[in-house]
Amino acid sequence: MILTVTANASVDKAYRIETPLVDGSVHRVSLCSDSAGGKGLNTARAVITCGEDALATGFVGGNNGRYLCELANKDGIPEDFVHISQETRCCVNVLEPNGRSTEFLEPGRPVTSADVESLRKKIQALMPQTTVVTINGSAPCGMTPDDYAGLIELIRSYHKPCILDTSGELLMRGIQAHPTVIKPNADEISQLLGRPVVSDSEIIEAAVELHKSGIAYVLVSLGGKGAFMVCAEGVFRGFAPKINVLNPVGAGDTLVGAFAVGFVRGYDAREQLRYALSCASASCLAESTGRFDPKIASELLEQTEVKRITL
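Every value quoted in this text rests on a predicted model; they were computed, and no experiment measured them. (Residues numbered from 1 in each chain as written. Predicted model: local features only at pLDDT ≥ 70, side-chain atom pairs only at ≥ 80, totals over all residues. Heavy atoms only, no water.)

### As for the nonpolar core
Residues L41, M229, F259 and L273 are the most contacted members of the largest nonpolar core, which totals 46 residues. Every element with two or more residues in this core is listed here: helix 1 (39-49), strand 4 (54-61), helix 2 (62-74), strand 11 (217-221), strand 12 (227-231), helix 8 (251-265), helix 9 (269-283) and helix 10 (294-301). If you tally residues by element for this core, the top one is helix 9, at 8 residues. Once you skip the residues sitting within four places of it in the chain, L273 turns out to touch L219, A227, M229, F236, G238, F259 and V306. If you look at the next biggest cluster of nonpolar residues, it comprises 45 residues, including L55, L126, I175 and A207. (Core = buried A, V, L, I, M, F, W, Y, C linked by side-chain atoms within 4.5 Å. Buried < 20%, exposed > 50% of the residue type's maximum accessible area, 1.4 Å probe, protein only. Helix = DSSP H or I, 4+ residues; strand = E, 2+ residues; numbered from the N terminus. Contact = heavy atoms within 4.5 Å.)

### Focus: empty space enclosed by the protein
Counted under the stated rule, the structure contains 1 cavity of 30 Å³ or more. In this structure, the largest cavity occupies an estimated 90 Å³ of space. Taken together, 15 residues line the largest cavity, and the ones lying closest to its centre are N8, I84, E87, T88 and R109. Of the residues forming the lining of the largest cavity, the biggest block, 3 residues, is contributed by strand 4. A per-class count over the lining of the largest cavity returns 7 nonpolar, 5 polar and 3 charged. (1 Å grid on protein atoms, 1.4 Å probe; cavity = no way out; pocket = protein on both sides within 12 Å on 5 of 7 lines; lining within 4 Å. Points joined across faces, edges and corners; volume = space filled by probe spheres on them. Nonpolar A, V, L, I, M, F, W, Y, C, P; charged D, E, K, R; others polar.)

In short, the description is geometric, and any link to function would need to be established separately.
This is the structure in structure tokens:
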């Protein structure tokens, strides 16, 4: 089972409009869809779509929290959340006919130190039945970067792979706990190392540096251009297939979920990256965030290339 941890879960609302977004004007929404959201929920959805078992945990609260759990169950996502007194947030993604996406993300309501301890105990209790853990996204007020690092250390004490997909201080503190996998983009890797990282050679150099610091897999996302990966098996460059993107939101979460599936199935590094990129590409062809057609992913797998780079 793959356990996904979403400390800052949300009810995600996707609004599709028929005319380009214009500031200060009224827009009629032609299609609205609600999802159990937050990066870890999208990751769990991807894992299940891939055909593996997943369980979602994190914080939920209030009427929105109950609705989020209903949406998760409707999607077939098993959940075991810590229920708190604060209301779960909502996030809105406006999708325009030209393919542009604009997001409005509410902050997470505050959690207490007791809430954080409850989440820690929840994860600890689930460890015996868990194969891989993903820690995804931002944290609500009251949860610190040290709390994130503590969860990584807890998971590592059970000798289970831990994938950390976050940014900012959470990522900077998190890597000190040596998660198995991190997934920064070029901007985030620049922040981590305190220097500009722009060219391919600079990205590879930075990823190698982070790998040597104790991160087993450094997966640098390049969006539609694919990804670089540095691990014990070598340095790899993955090329995503060329597609007409419909909805890119959640593709990175699908990448993480499919990469976690690779651990469960025992894929080698090259195949793990190729599989993850094909699923992420397929998710860009679905209107609903974090979903994809496995048949399309299988077709795109044949068009996804991963090359080994010799340094």
